[in-house]
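# Notes for the structure review
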Amino acid sequence: MASGETLGSSTDYIKHHLQNLTFGQHSDGSWGFAHGAQEAKEMGFWAIHVDTMFWSVLLGVVFLCLFRRAAVRASAGVPGGFLNFVEMIIEFIDNNVRSSFSHKNDMVAPLALTLFVWILLMNTMDLVPVDWIPMLAQLMGIEYMKVVPTTDPNATTGMALGVFGLTLFYSIKIKGPLGFASELTMQPFQAKNPALKILFIPMNFFLEVVSLISKPISLSLRLFGNLFAGEMIFILIALLFSGGLVFAVAGGVLQWAWAVFHILIVLLQAFIFMTLTIVYLEMAHSDH
Amino acid sequence: MNINATLIGQTIAFAVFVWFCMKFIWPPIVGALNERKTQIADGLAAAEEGRRDKAKAEGDVAEMLNEAKDQAQEIIRRAERRETEMVEEAKANARTEGERILLAARGEIDKEMNLAREELRKDVAQLAVAGASQILSREVDSSAHSRLLDELAKEL
C-alpha cells in the first residue's frame, strides 16, 4: 500500500513497483543488488533482473512439470480431468498451427505450445494483487520484486529474439543463403532493366531489413506494452487504497473490474504472440 | 526497465523450455491423441461393418426361411404324390392278384370238372356194361367187347 498522501510518496510507490531486482557490478567494482533505479542503470548491460528470471523460469518449470505429468499419463484410453484439460490446450494449439502453418516442421507446434502457455502463465501473474508478493518479499528482506516477467522488456525481447533467430535459421535453411539474400534485395521493387535492378537493390534491402527487424521488435513490444500498461493501471488503482474509505471501496471495485478485463488481455496477448510466431515461421518457410 | 543480460538469460530459458516441450511433452500427448483418433475411427468402422453384417444376415435369414418353406412344400407335394402312387400300386397289385387267383380257381374248377366227368363216364360205362349184361343175361366177353365198350365210354 502507498503509505503517504503526498505526491512524492505516490511517485516513489510507483517507481518502487516498476523497479526490477537487479544484480550486477556496482560502479565501485563490487557485485551485488542495486538499491534504486540509478544504481541499476549504472550497472550497464551485464546485470541481470533476478526477479524476472526467477518468476519466468519458475513458471516455465511449472508449465513443463504439469504438462510432462500429463504426457506421461497420456494414453489412447479415456482421459481424466487434468489430462482432458491438457489435451484440450494441445488440440487448440495444433489446430492453430495447422491452419496457419502449411509446411512439415515438428518444432513449430511445441514452440507454439510453449510460448502460449508460458506467456499465459507469466501474464496471469498480473492478476495477483500488485502488493502481495512485493510486500512478502520486503518482509524477507528483498527490496524490489516485480512479479510479472512480461512487464520486463528483457523477457519479451528475449522470447522475440528466440523467434527471430528461428526465423532467420529456417529462412536460410529452406531458401538457401542465396535465396534468402535475393528475397532481401530483389523485392518489392523489381525491374527488367539491369541498371535499374542494381539501383533497386539497396532500396529493397533497406525496406526488407526494416520489415525483418520490425518483426521481433513489434512482437516483443506489443506484449510488453500491453502488460506494462495493465500493470501500471493496477498500481494506480492500488494508490486509491490509501485515500480513505470511499476511495478504497472505489479502488476495490475498479481493481476487480480491471482484473476481469485484464483476463482478456492476458489471454489475447499470449495468443497473439503465439499466432504471430507461427505466421513468421510460415513466412520463413515459404517463398514469396 | 533497462535492457541487460536478462535478455540473454530469457532467450536461453526459452530455448531450453521449447526443447524440453518438443522432446518430452508434445510427442507423447499428440501420439496418444492420434492413437485415440485411430481407435475411434476403427471402432466406428467396425460398428458400421457390424451393422452391414447384421442387415446382410437378416436378408440371409429371410432367404433361408423362404428356401426352407419351399423345401417343405416340395417334400409335402412329393409325399402326396408318393401316397397316390402307392395307393394306385396297391390297387393294381390287388387287381392282378385277384385275377390270378380267379384264373387259378377257374383252372382248378375245370380240372375237377374234367376229372368228375371222366369218373362219371367210367361209372356210366360200367353201369351200362353191368346193365347190358344184366339185361342180356348173358356173359359178355369183356375182352371181346372192350373195344366196343371203350368207344361207348368215349361217346358218353
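Residues numbered from 1 in each chain as written. Chains lettered and ligands numbered in written order. Predicted model: local features only at pLDDT ≥ 70, side-chain atom pairs only at ≥ 80, totals over all residues. Heavy atoms only, no water.

### Details of the interface of chain B and chain A
Contacts between chain B and chain A engage 30 residues on the former and 56 residues on the latter. Taken over both partners, the interface formed by chain B and chain A buries close to 3,700 Å², and the fraction arising from carbon and sulfur atoms is 74%. Run the count over chain B and chain A and you get one salt bridge. B:Arg36 is the partner of A:Glu87 in a salt bridge, and the nearest nitrogen-oxygen pair spans 2.8 Å. Between the two partners, chain B and chain A, sit ten residue pairs in polar contact (both at pLDDT 80 or more). Grouping the constituent residues of the side of chain B that touches chain A by class yields 20 nonpolar, seven polar and three charged. (Contact = heavy atoms within 4.5 Å. Buried area = accessible area lost by both parts, 1.4 Å probe. Salt bridge = Lys/Arg side-chain N within 4 Å of Asp/Glu carboxyl O. Polar contact = N/O pair within 3.5 Å; in protein donor to acceptor, adjacent residues only side chain to side chain. Nonpolar A, V, L, I, M, F, W, Y, C, P; charged D, E, K, R; others polar.)

### Some details on the pattern of salt bridges
Side-chain pairs of opposite charge can arise where the charged atoms are in close proximity. Residue and element names in this part refer to chain B. Taken as a whole, this structure holds eleven salt bridges over all chains when the rule is applied. For Glu58, the salt bridge is made with Lys54, and the minimal N-O distance between the two is 3.7 Å. Residue Glu58 and its partner Lys54 are both found in helix H1 (residues 6-136); the two are separated by four residues, about one turn of the helix. Judged by relative accessible area, which is 47%, Glu58 ranks as partly exposed. We classify Lys54 as exposed; its relative accessible area is 54%. A salt bridge links Glu118 to Arg121, with the shortest nitrogen-to-oxygen separation between them at 3.2 Å. In this pair, Glu118 and Arg121 both sit in helix H1, three residues apart, roughly one turn of the helix. Classification of Glu118 by relative accessible area gives partly exposed; the value is 37%. Look at Arg121 and you get partly exposed, because its relative accessible area is 21%. Each member of the salt-bridge network shares a partner with another, and the members are Glu74, Arg77 and Arg78. (Helix = DSSP H or I, 4+ residues; strand = E, 2+ residues; numbered from the N terminus. Buried < 20%, exposed > 50% of the residue type's maximum accessible area, 1.4 Å probe, protein only.)

### A short note on the sheet that holds strand S3 (residues 48-49) of chain A
All names here are of chain A. Spatial strand order, S2-S1-S3: three strands in an open sheet with antiparallel pairing. Of all strands in the sheet, those bounded by a partner on one side alone are strand S2 (31-33) and S3. As paired strands, strand S1 (residues 22-25) and S2 are joined by three bridges and run antiparallel to one another. Paired with Phe23 across the bridge in S2 is Phe33. (Pairing = 2+ DSSP bridges.)

### Here's the deal with the confidence of the model for chain A
All names here are of chain A. On average, chain A scores 88 in pLDDT, and the residues at 70 or more come to 97%. Taking the mean pLDDT of every element in chain A, the minimum, 79, falls on helix H1 (residues 7-17) and the maximum, 94, on helix H5 (residues 108-124). Note that residues 1-5 has pLDDT below 50 and, in this model, nine contacts with residues that lie over four places away or in other chains. (pLDDT = per-residue confidence, 0-100.)

### Some details on the environment of A:Ile217
Residue and element names in this part refer to chain A. Take Ile217: it is sitting in helix H8 (residues 194-240). For Ile217, a relative accessible area of 45% puts it in the partly exposed group. Residues Ile217 and Leu161, spaced 56 residues apart in sequence, show a C-alpha to C-alpha distance of 8.5 Å.

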